[in-house]
Amino acid sequence: MKHSMHTLKALRDIAFDLGVGKHPDLAAMARELGRVVHRDGAALNEGLKELRTRERGFERWLLATRGKPGVSILVMAWPANHATPVHDHDGLWGLEMAVHGALEVQAWSRDAASGELSLKGQDWLGPGDATWFDADAGYAHRCRNLSRHDTALTLHVYGGDLAKYLAYERSAEGDQWLARPQRAAITGRLSA
Ligand SMILES: [Fe+2]
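Predicted, not measured: the structure shown is a model, and the values here were computed from it.

Structural notes on the pattern of salt bridges
Overall, the coordinates contain eight salt bridges when judged by the stated rule. Close ionic contact of Arg54 with Glu50 constitutes a salt bridge, the shortest N to O distance being 3.8 Å. We classify Glu50 as exposed; its relative accessible area is 53%. Glu59 serves as the salt-bridge partner of Arg54, at 2.8 Å between the closest nitrogen and oxygen. Both residues of the pair, Arg54 and Glu59, count as buried. One salt-bridge network, in which partners are shared between bridges, spans Glu50, Arg54 and Glu59.

So, the packing of aromatic side chains
For the coordinates displayed, the defined rule picks out three aromatic pairs. Here Phe58 and Trp78 contribute two aromatic rings whose centre-to-centre distance is 4.9 Å and whose plane-to-plane angle is 65°, an arrangement assigned as edge-to-face. With Phe58 in the loop between helix 3 (49-53) and strand 1 (59-66) and Trp78 in strand 2 (residues 71-78), this pair connects stretches of sequence that are 20 residues apart. Seen from their ring centres, Trp108 and Trp177 are 5.4 Å apart, and the 70° between their planes marks the pair as edge-to-face. On the criterion of sequence distance, the pair formed by Trp108 in strand 5 (residues 103-110) and Trp177 in strand 11 (residues 177-183) is long-range, its members being 69 residues apart. Across this residue pair, the class does not change: Trp108 and Trp177 are buried.

A word on the coordination of the iron ion
All of the protein donors around the iron ion are His87 (NE2), His89 (NE2), Glu96 (OE) and His141 (NE2); their distances to the metal are 2.2 to 2.5 Å. Angles of 86 to 178° at the metal separate the four donor atoms of the iron ion, which places the site in the irregular class. Spacing between the donor residues of the iron ion along their common chain follows H-x1-H-x6-E-x44-H. Note on accessibility: His87 and His89 belong to one class, buried.

Some remarks on the sheet that holds strand 2
Here six strands make up an open sheet; going across it, the order is 7-4-9-2-1-12 and the pairing mixed. The sheet is open, and its two borders are formed by strand 7 (130-133) and strand 12 (188-189), each paired with just one other strand. The pairing of strand 4 (residues 94-100) with strand 7 spans four bridges and is antiparallel. Bridging across to strand 7, Gly94 finds its partner in Phe133.

Observations concerning the side chain of Ser171
Along the polypeptide, Ser171 turns up in the loop between strand 10 (164-170) and strand 11. Sequence-distant contacts of Ser171, defined by excluding residues within four places in its chain, comprise Gln176 and Leu178.

As for the environment of Asn81
Following the sequence through the fold, Asn81 ends up in the loop between strand 2 and strand 3 (86-87). Put simply, Asn81 and His149 are 68 residues apart on the chain and 7.7 Å apart in space, counted from C-alpha to C-alpha. Leave out the neighbours within four places in its chain, and Asn81 touches Arg144, Asn145, Ser147 and Arg148.

Regarding unusual backbone geometry
Note that the residue after Lys68, namely Pro69, is joined by a cis bond; omega there is -15°. Relative to the elements of secondary structure, Pro69 occurs in the loop between strand 1 and strand 2. A positive phi angle is found at Asn81, which is not glycine, with a value near 70°. For Asn81, a relative accessible area of 39% corresponds to the partly exposed category. At Asp90, a position not held by glycine, the phi torsion is positive, near 55°. Residue position: Asp90 is located in the loop between strand 3 and strand 4.

About the cut-offs
- Residues numbered from 1 in each chain as written.
- Predicted model: local features only at pLDDT ≥ 70, side-chain atom pairs only at ≥ 80, totals over all residues.
- Heavy atoms only, no water.
- Salt bridge = Lys/Arg side-chain N within 4 Å of Asp/Glu carboxyl O.
- Buried < 20%, exposed > 50% of the residue type's maximum accessible area, 1.4 Å probe, protein only.
- Phe/Tyr/Trp six-rings, centres within 6.5 Å; stacked < 30°, edge-to-face > 60°.
- Helix = DSSP H or I, 4+ residues; strand = E, 2+ residues; numbered from the N terminus.
- Donors = N, O, S within 2.8 Å, 3.2 Å for Na, K, Ca; no water.
- Tetrahedral: all angles 85-135°; square planar, octahedral: opposite > 155°, others 65-115°.
- Pairing = 2+ DSSP bridges.
- Contact = heavy atoms within 4.5 Å.

Next up, the structure:
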């Protein structure tokens, strides 16, 4: 446990160090965070074992927040097969990294005028791989745990407090997208 706390602290420090400015260098942040996950992944997963075995559904755990410049860091637990709706991030920049297991990430783009969403591509993230996005109200994505059996863990860094966001779903007729306001509930705090 002690070693995993040391690792969580290292991840937090990287996110705080590089999460500065209006357009942080998220490629550099992904590289540095990925290096730590590759190096210390086994200890980290052991330390976060409780999150992987609780079986309480999709959970968001807060690791750290900073006010100015705004950064929030979370660890999320994804039950087997769990998929999010297409969702935005309240216009914040963000980075999402697989820590344990693998995630599919579909990138979507929302046209501000028409509200129409279009699929831009998809990525598959294994441990230490990340996807990131600049502060952009039109960016949305949909993520899914690729495992049918195991809980996945991911690390998330956002350029502020992501307390609310929009989830998008097609109308029953399928001819338009409906935006549904969501509250991002926190299950608890992790200490680093
Ligand atoms: Fe997301």
